[in-house]
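In case you want the letters, here they are:
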Amino acid sequence: EAGVTQFPSHSVIEKGQTVTLRCDPISGHDNLYWYRRVMGKEIKFLLHFVKESKQDESGMPNNRFLAERTGGTYSTLKVQPAELEDSGVYFCASSLGTRVYFGPGTRLLVL
Amino acid sequence: GIQVEQSPPDLILQEGANSTLRCNFSDSVNNLQWFHQNPWGQLINLFYIPSGTKQNGRLSATTVATERYSLLYISSSQTTDSGVYFCAVGGGGSTLGRLYFGRGTQLTVWP
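Parameters and conventions
- Residues numbered from 1 in each chain as written.
- Chains lettered and ligands numbered in written order.
- Predicted model: local features only at pLDDT ≥ 70, side-chain atom pairs only at ≥ 80, totals over all residues.
- Heavy atoms only, no water.
- Pairing = 2+ DSSP bridges.
- Helix = DSSP H or I, 4+ residues; strand = E, 2+ residues; numbered from the N terminus.
- Axes fitted to C-alpha atoms, helices over the stretch in contact; angles between N-to-C directions.
- Phe/Tyr/Trp six-rings, centres within 6.5 Å; stacked < 30°, edge-to-face > 60°.
- Buried < 20%, exposed > 50% of the residue type's maximum accessible area, 1.4 Å probe, protein only.
- Lys NZ or Arg CZ within 6 Å of the ring centre and 35° of its normal.

*Asks:* Before we go on, may I ask you to explain the sheet that holds strand β1 (residues 5–7) of chain A in this structure?
*Replies:* All names here are of chain A. Strand order across the open sheet formed by 4 strands is β1-β3-β8-β7, with antiparallel pairing between neighbours. Every interior strand has two partners, whereas the edge strands, β1 and β7 (65–68), have only one. Each neighbouring strand pair of the sheet contributes to a mean axis angle of 15°, computed without reference to strand direction. Relative to strand β8 (residues 75–79), β7 runs antiparallel, the two sharing 4 bridges. The partner of Phe-65 across the bridge, within β8, is Val-79.

Below you can see the structure in the form of structure tokens.
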């Protein structure tokens, strides 16, 4: 069984540009989460999808971040326009029940 | 949100040694998971353990929910155990996957 996959693994962009991160959860997992870790800080929750619906988006930092999960399968997280403080590692995770499985993360660097 | 404190922040061991990692949390939780982040950044789910004791090979974990702490034991450590160990806690039901992470324990095992 394939795990959670994320694309790209790394992204380097300039301030003001747009970046879109993709996450493919484990097949059959209705729950999909986005987390991020900025330098020196804890891993923090961003939002939670149940199928295609946003269950909880209280962790989204501001309206420059837009997450979608069309059809309840893969999800995208768009940052537009990117700022320097958005640099960090963005993790996607999925679950069916209690255990949460994380992807390898996308390392985003905004210059 | 729930505060999670992990100790020690850093741990250096020789191969074969045993270690205990601790996680304290500030509120009642229905969800507690231990993760290992390997040197490539991948977060591996070790245990889902909101209470009680579990063992998996050389690793075991105990959570005393009434006293708001969890312990992760690593016996006969190996160099492949190196990495960051995270404790993450959360509620249950619809918020099951919204996890609050500690800052982690950085474990280095020398041959």
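The rest of the description comes next.
*Asks:* Please explain unusual backbone geometry as it appears in this structure.
*Replies:* Keep in mind that most residues, glycine aside, have a negative phi and that most peptide bonds are trans. Residue and element names in this part refer to chain A. Cis rather than trans, the peptide bond between Phe-7 and Pro-8 has omega equal to -5°. Note on placement: Pro-8 falls in the loop between β1 and β2 (10–13). Cis geometry marks the peptide bond from Gln-80 to Pro-81; its omega dihedral reads -10°. Unlike most non-glycine residues, Lys-51 shows phi in positive territory, near 55°.

*Asks:* Explain the packing of aromatic side chains to me, please; I cannot follow it from the model alone.
*Replies:* Aromatic ring pairs are defined here through the distance separating the ring centres and the angle between the ring planes. In this structure the tally under the stated criterion is 9 aromatic pairs over all chains. Summarising the aromatic geometry, the rings of Phe-86 of chain B and Phe-101 of chain B are spaced 6.1 Å apart at their centres and angled 80° between planes, so their arrangement reads as edge-to-face. Note that Phe-86 of chain B is positioned in strand β9 (residues 83–90) and Phe-101 of chain B in strand β10 (residues 100–101), a separation of 15 residues in sequence. Exposure class is identical for Phe-86 of chain B and Phe-101 of chain B. Each is buried. Joined through ring pairs, the aromatic side chains of Tyr-35, Phe-45, Phe-91 and Phe-102 of chain A together with Phe-35, Phe-86 and Phe-101 of chain B make up one cluster. In this structure, Arg-22 of chain A is placed above the aromatic ring of Tyr-74 of chain A, and the distance from its NZ or CZ to the ring centre is 3.8 Å. Over the ring of Tyr-69 of chain B we find Arg-22 of chain B, and its NZ or CZ is 4.2 Å from the ring centre.

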